Each structure stands twice: as C-alpha cells, then as structure tokens.
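Remarks on the overall topology
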Amino acid sequence: MAREQLQVLSALDSAKTQLYHFTAIIIAGMGFFTDAYDLFAISLVTRLLGRIYYFKDGEKPGTLPPGVASSVTGVALVGTLCGQLFFGWLGDKMGRKRVYGMTLALMVICSLASGLSFGNEPKGVMATLCFFRFWLGFGIGGDYPLSATIMSEYANKKTRGAFIAAVFAMQGFGILASGIVALIVSSSFDHAFNAPAYRSNKLDSTAPQADYVWRIILMFGAIPAALTYYWRMKMPETARYTALVAKNAKQAAQDMARVLQVEIEAEEQKVEKIAHDTRNSFGLFSKEFARRHGLHLLGTTSTWFLLDIAFYSNNLFQKDVLSGIGWIPPANTMNAIGEVYRVAKAQTLIAIFSTVPGYWFTVFFIDRMGRFAIQLMGFFFMTVFMFALAIPYHHWTQHENRIGFVVMYSLTFFFANFGPNSTTFVVPAEIFPARLRSTCHGISAAAGKAGAIVGAYGFLYASQSTDPKKTDAGYPTGIGIRYTLIILGVVNALGLLFTFLVPEPNGKSLEEMSGENEEDIEPTANTTNRTVPV
C-alpha cells in the first residue's frame, strides 16, 4: 500500500518546466562538458607526445612505448572509477550539494596542472602527466553520480529522463569542443612554424613549439568548469535528500518554495513517520536490498560495463581505426603538429555528424519511447554495425570504400549515444532509494569505467597488426582491427541481453520506483518494476 507522498516531492514531480530546470542542466552539464573534454582530448595528443619525447631515427615517427601509452590513456579512467565510488558514497553521507563543489574544484586544478607537467625529460613529463590525470579523473568520477542524482531529484516525473539525458548530452559538446580546440591550436602553430613532413626531415618535422600545443589543448578544459563553480555553490540541496535522508522537512519545504515560487507545507509529522519506518532503512549490503534491488543493480552495472568496453575503445582509438583504412594519412607524410590537425579533424567530423546528434535524439525521445526501448535498440544496432564493419573488413580498406566505412563507423557512435551510453547514465539515478541513490549510481558508473579500462588497455594491444612489421614500436602482434571489431560486436550483443534486467522508470516518481512510498511491502512487489515478466 502506498503512503501519501510529501507535498514538497509532489510539487517537484508535477512542476511545469521552468527556468530552474534549464539552469540546473547548464550547471550540471558544464561538468560533463569538462569531463568529456578532458577524457577524450588526450587521444588527440598521444601521437604528438610520442614524437616529442620518444623520437627515434627510423622509418616511422616516435611513438609512446606501450606501457606509457596505456598509462597516459587509461590513468584518468582509473581515477574516474575511484572517484565514482568515493564521491557516490559521500554524496549520500554528506549531501549532494556539499560534495558537488569539491569535484569541480579538483577538475579545474588538475586540468591546469596536466598542462604544466614538470621537466623536459620523458620520464618526468609522463609521470607528472599521469599523476595529475589520475586526480583529474577522480574529480570527473564524482561528477557522474552527483550530477545525475541532483538532476533526477530536481526534475518533474514527466520530463525527468530528458533533463538527466540533457546533462549527459553535454558530453557530446565536450568531445566536439576538444576537437575544435585542437584544430584551432594545431592549425595556428602549424601555420606559424611550418615544419617539414617527417620523411623529408625527421628531426625538424617536430617543431620545438609543438610542446606548447598539447599543453594548451589539455589546459583549456579547466575554463568551462571554472565558470560554473559559483553557481554550483549557490544551488540549494535537493528536497529529496533534505526530506528523506537528512529528515529536515522544514528546510526542504523552504528551499523548494523558493525554487518553485509556491507555498509548500513542511509536513514534519510525515517526515517523522518516514524516519521511524524500519522497512525503508535497509543498507546496501542487506538481504532486503538484494531482494528489492539486487537484479536492478546487476542490470545497471553489467550493461554499463559492456557498453563502455565498446564505447571507449571506439572513442579513444578512433585515430588508429581511421588510419587503418587510410582516412588519416601515414604518419611519415605529416609533421608532428599537422598530424594533430588531421586526427582532430576526423574526430570533429564524427562528433558533428554522429556523436552529438545521438545524444540529443535521446533527449527528445527518452520520455516518449522509454529507457528500455532506446537501450535495446542502441545495443542492437551497435552489434549490427560492428559485425557489418568487421566481417568484410578487407572490403572497407579499399580506397573506393573508405567513405562507406566512415559512415558505418559513425553510426555505431550515433546508436551508442541514441542508446545505452545515455540510458545507462539515466536509469541508475531513478530506481534506487534516496539514501542509496548516489552510491548505487556511483557503483554502476564505476562498473562502466572498469569496462572503459578493459577497452582502453585491451584494444591498445588487441588492435595491433598480426604482421610484426606493421605493429607500433614496442608492441607485440595483436589480432588486428577486424577481429577486435568482432569482439566488440559480441560485447554489444551481451549488453542487449543484460538490458532485460533493467526496470523501466518512465512516467513514475522516484519514490514509486524505489518503493519508498510503500507502507506494506509485499515479497514480490519489486517485480512490478521489471521490464519483462518473470
């Protein structure tokens, strides 16, 4: 039996779309803009780092050694995983708002510090770059559970999915911005210093000023985050945390009355009753949580884990895939800064035509189609396109077929974002109790980053050519791009299957989904929130 909902929560659920909704999207979204910028900008400059710090007088320009390359690429992901777990837990213990500023400050400081890595020796520069990128990732990790939880607790139930997805969609603009900034910086430096191609003059192909290029690109990510710090600090705590976790009915009513500009009764007796209801006080590691939400948590963690193996493999190493089919010219035909420009151009075009549109398709359709349908559709088409690229891979490497490859490769990004990359972020913020919401979202997101680490480290080695002469310097032979894409197709197919464990929260209040409104919980009550009958 459902108890009567608190007036302050009913007011939020039924509120018309107002200015504060869009303000919250911008404040939270700028964090995700910075997250994506910082996580994906590194892929634009790894080749440049190899040329600058690991120069060798050979047929190919210098590249980062395998251990260094995987560390530079993956250390931020490790930091993100740790930050998601830590700040997710802290958001439930201290409150969303109190922790929210910490994550942003960490991101700003470490973005700047990443570009100020110490010394000019390879070991010193790479060690300090990895150090600061770990802590940058730690701050980014905190933004995942906090931004999602704050937006879900502020939004009305009719358009909640769109608002949470809109916050996450800023990630697309962050990826796009990283490409645009890299284009501007690299073209400016290339025009100013006009170095020869590597095969014409190996040493002079890397202008001394190239060392500024990667630093400027990485440091730029601090600017948008810094601009929103003041407004994050001005946001009131969410009413759901204040009322249901902190048990302060009066403060929750005052905060939301000011935000919604309506009179709201405090209802302190109702909150007191909720506070003393032992049936809704179970912990994360209790049998009751496992009974009510165990399969839900398995669904959110497994689908996010599988999605990120494919998503981060594609994003972080798209330059290698596009080089493999000849869309980016051979490295020895370009100078160091010119190579940054070509890689950035490819990433920017893919972002404009597939990555960004995919995010916003989700925003527009998520409350119409539902989370389950979009996630299922996304995994299905990602599987189809991966196999369509992989099985006839030799066909796509032919010069006349390269545009077709790029189109289909771009469609995998489109259906990742108009699909599980968005929904895996949205759903964990909607289906768990308020006192565990941030923690469970952090656990789900951390599972995703574990998948990203598998993708980042695994793809780096697996995608190497089977021909020892064609591998990057220092790498063993791998299974090649073709078989790597087949593996990613299988991973996407598994994601489709695990989607059936995820409940559909569309059109329901957060308390309906979590069972916090229930006074008499039946043993089978959680089955009503399942996607498919058991």
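Let's talk about the packing of aromatic side chains
- Throughout the structure, instances matching the rule amount to 37 aromatic pairs.
- Look at F40 and F311: their rings are 6.3 Å apart centre to centre, the planes differ by 85°, and that puts the pair in the edge-to-face class. Of the two residues, F40 sits in helix α2 (residues 19-53) while F311 sits in helix α13 (residues 287-316), which places them 271 residues apart along the sequence.
- By relative accessible area, which is 1% here, F40 ends up buried.
- A residue is classified by how much of its surface remains accessible, and F311, at 1% relative accessible area, is buried.
- With a centroid separation of 4.5 Å and an interplanar angle of 15°, the aromatic rings of F168 and F425 are classed as stacked.

Description of the nonpolar core
- Ranked by internal contacts, the top residues of the largest apolar core, which has 146 residues, are L49, M126, Y144, W214, I217, M256 and F425.
- Those residues within four positions of L49 in sequence are excluded, and the remaining contacts are Y54, L64, V72, M126, L129 and W214.
- Listed in part, the 11 residues of the second largest apolar core include F282, V427, I431 and M513.

Examining unusual backbone geometry
- Not every positive phi belongs to a glycine, and N194 is a case in point at roughly 45°.
- Within the fold, N194 resides in the loop between α6 (160-193) and α7 (210-219).
- On the basis of relative accessibility, which here comes to 62%, the residue N194 falls in the exposed class.
- A positive phi is found at K247, a non-glycine position, where the angle reads about 60°.
- Take K247: it is sitting in the loop between α10 (239-245) and α11 (249-260).

Some words on α7
- Turning to α7, its buried residues are A210, V213, W214, R215, I217 and L218.
- On its buried face, α7 sits against α2, α4 (96-114), α5 (122-154), α6 and α15 (336-369).

Things to note about the environment of N506
- Summarising the element assignment, N506 is placed in the loop between α21 (480-498) and α22 (510-514).
- Separated by 345 residues in sequence, N506 and G161 place their C-alpha atoms 7.4 Å apart.
- Ignoring anything within four residues of it in the chain, the contact list for N506 reads I366, D367, G370 and R371.
- Separated by 3.4 Å, the side chain of N506 and the backbone oxygen of D367 make a polar contact.
- At 2.9 Å, the side chain of N506 and the side chain of R371 are in polar contact.

Focus on the side chain of E504
- Of note, E504 is situated in the loop between α21 and α22.
- With no salt bridge to any partner, buried E504 finds its closest opposite charge in R371, at an N-O distance of 4.2 Å.
- Of note is the side chain of E504, whose polar atom sits 2.9 Å from the backbone nitrogen of F372.

Focus on the side chain of T128
- Inspection of the secondary structure assignment puts T128 in helix α5.
- If near-sequence neighbours (up to four positions away) are discounted, T128 is found in contact with S117 and F118.

Thoughts on the packing of α15 against helix α18 (residues 402-417)
- As a packed pair, α15 and α18 sit with axes 7 Å apart at the nearest point and diverge in direction by 25°. Relative to α18, the element α15 lies roughly parallel. Between α15 and α18 lies a crossing of right-handed hand. Touching I350, S354, T355, P357, G358, Y359, F361 and T362 of α15 are Y409, S410, F413, F414 and N417, all from α18.

Notes on the environment of I453
- If you trace the backbone, I453 turns up in helix α20 (residues 434-462).
- Setting aside chain neighbours within four positions, we find I453 in contact with L77, V78, L81 and G458.

Considerations on the environment of F163
- Its place among the elements puts F163 in helix α6.
- By relative accessible area, which is 6% here, F163 ends up buried.
- Considered as a pair, F163 and I366 are 203 residues apart in the sequence and their alpha carbons are 9.8 Å apart.
- Every residue in contact with F163, bar those within four places of it in the chain, is listed here: T17, H21, F22, I25, M151, A155 and N156.

Digging into the pattern of salt bridges
- Tallying each qualifying case throughout the model produces 16 salt bridges.
- Close ionic contact of R96 with E153 constitutes a salt bridge, the shortest N to O distance being 2.7 Å. Placement of R96 in helix α4 and of E153 in helix α5 is noted, with a sequence separation of 57 residues between them.
- Owing to a relative accessible area of 0%, R96 belongs among the buried residues under this scheme.
- Judged by relative accessible area, E153 falls into the buried class, the value being 1%.
- The salt bridge partner of E288 is R291, with a shortest N-O separation of 2.5 Å. In this pair, E288 and R291 both sit in helix α13, three residues apart, roughly one turn of the helix.
- The class of E288 is partly exposed, set by a relative accessible area of 26%.
- Looking at R291, the relative accessible area reads 31%, which means it is partly exposed.
- In the salt-bridge network here, residues are joined through shared partners; they are D92, R96, E153 and R437.

As for the state of the cysteines
- The tally for this structure, following the rule as stated, stands at zero disulfides.
- For C82, which is in no disulfide, the shortest distance to another cysteine sulfur is to C110 and amounts to 14 Å.
- Relative accessible area serves as the criterion here: at 30%, C82 is assigned to the partly exposed category.
- C130 takes part in no disulfide bond, and the closest cysteine sulfur to it belongs to C110, at a distance of 13 Å.

What counts and what doesn't
Residues numbered from 1 in each chain as written. Predicted model: local features only at pLDDT ≥ 70, side-chain atom pairs only at ≥ 80, totals over all residues. Heavy atoms only, no water. Phe/Tyr/Trp six-rings, centres within 6.5 Å; stacked < 30°, edge-to-face > 60°. Helix = DSSP H or I, 4+ residues; strand = E, 2+ residues; numbered from the N terminus. Buried < 20%, exposed > 50% of the residue type's maximum accessible area, 1.4 Å probe, protein only. Core = buried A, V, L, I, M, F, W, Y, C linked by side-chain atoms within 4.5 Å. Contact = heavy atoms within 4.5 Å. Polar contact = N/O pair within 3.5 Å; in protein donor to acceptor, adjacent residues only side chain to side chain. Lys, Arg positive; Asp, Glu negative; His and termini not counted. Salt bridge = Lys/Arg side-chain N within 4 Å of Asp/Glu carboxyl O. Axes fitted to C-alpha atoms, helices over the stretch in contact; angles between N-to-C directions. Parallel < 35°, antiparallel > 145°, perpendicular 65-115°, else oblique. Left-handed = near helix turned anticlockwise from the far one by under 90°. Disulfide = S-S within 2.5 Å.

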